[in-house]
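Chain residues, written in single-letter form:
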Amino acid sequence: MSEPNLQKALTQSDLIHPRSVLLAAIERVAQEIDAFYADAEQPPVFLTVLNGGVMFSGLLSLSLQTRCVFDSIHATRYRSGTSGHEVTWGKWAKLDLKGRDVLIVDDILDEGRTLSAIVQRCQEAGARRVNIAALCAKRHGRCVPGLHVDFVGVEVPDRYVYGFGMDYYELGRNLPAIYALKDGV
Ligand SMILES: O=P(O)(O)OC[C@H]1O[C@H](OP(=O)(O)OP(=O)(O)O)[C@H](O)[C@@H]1O
Ligand SMILES: Nc1nc2[nH]cnc2c(=O)[nH]1
């Protein structure tokens, strides 16, 4: 493949969700999360999944009333490309998750293999309750059976998407909207 070119990719993509729609969705998700944790006995662990979850995580956390403690992990399956492989772990949480409520915060639910692996590791670490917030979820029937995402911002089509944290060959993460490559690109 030739050097990835973001400007060219944008000409071969559709704008799916503009910034205004994403910001409104994040506000709604924050309210849902606040309602969910209203009776929590201890601050949940707000666990950001690097790298793509960073923009969603930052905006979401600033809109939450819930008092949280913050940590992050890095899990990747796409390794700077547009197709998935097995999950590779970078960093894991520094906090002890034993007995804690954990809210996993990620950019996208696609096939759900990354989120499934993260949930499993949190459970193995002794988390009391594990829930998931994702900025977007892809519409298709290939998601890991049994995986439940509790809080979803927006749906995206079954195409490669990027922007608002998500990369196109590591480019475009700071585009303030979500784009999808056209089929066949
Ligand atoms: O549902 P799946 O098909 O498993 O894919 C979803 C995962 O893919 C993305 O991470 P990615 O591997 O692109 O890593 P990055 O966030 O560092 O770019 C995203 O952050 C999810 O964790
Ligand atoms: N950037 C990006 N990362 C993903 N991880 C899983 N699916 C996708 C996708 O469509 N785009």
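Residues numbered from 1 in each chain as written. Chains lettered and ligands numbered in written order. Predicted model: local features only at pLDDT ≥ 70, side-chain atom pairs only at ≥ 80, totals over all residues. Heavy atoms only, no water.

For the protein chain, the name recorded in an unreviewed UniProt entry is Hypoxanthine-guanine phosphoribosyltransferase, with Ahniella affigens as its organism.

A word on the site of ligand 2. What surrounds ligand 2 is the set Tyr-78, Ile-108, Asp-110, Lys-138, Arg-159, Tyr-160, Val-161, Met-166 and Asp-167. In this structure, a nitrogen atom belonging to ligand 2 sits 2.9 Å away from a side-chain N or O atom of Tyr-160. Between ligand 2 and Asp-167, the relevant distance is 3.0 Å, taken from a nitrogen atom to a main-chain nitrogen or oxygen of the residue. Coverage of ligand 2 by the protein amounts to 92% of the 280 Å² it exposes when considered alone. In terms of residue class, the shell around ligand 2 is built from 5 nonpolar, no polar and 4 charged. (Near = heavy atom within 4 Å. Polar contact = N/O pair within 3.5 Å; in protein donor to acceptor, adjacent residues only side chain to side chain. Areas by Shrake-Rupley, 256 points an atom, 1.4 Å probe, with all protein chains shown as cover. Nonpolar A, V, L, I, M, F, W, Y, C, P; charged D, E, K, R; others polar.)

Next up on the list: the sheet that holds strand β8 (residues 161-162). Through backbone hydrogen bonds, the strands of a sheet pair up, either in parallel or in antiparallel fashion. Taken in spatial order, the 3 strands of this open sheet run β1-β9-β8, and their pairing is antiparallel. The sheet is open, and its two borders are formed by β1 (13-17) and β8, each paired with just one other strand. (Pairing = 2+ DSSP bridges. Helix = DSSP H or I, 4+ residues; strand = E, 2+ residues; numbered from the N terminus.)

A separate point is helix α3 (residues 54-63). When α3 is considered as a whole, its buried residues turn out to be Phe-56, Ser-57, Leu-60 and Ser-63. Buried residues of α3, seen end-on, are gathered within an arc of 135 degrees and therefore sit on one face of the element. The elements touched by buried residues of α3 are α2 (19-36), β2 (45-50), β5 (101-109) and β6 (129-138). (Buried < 20%, exposed > 50% of the residue type's maximum accessible area, 1.4 Å probe, protein only. Arc of directions from axis to C-beta. Contact = heavy atoms within 4.5 Å.)

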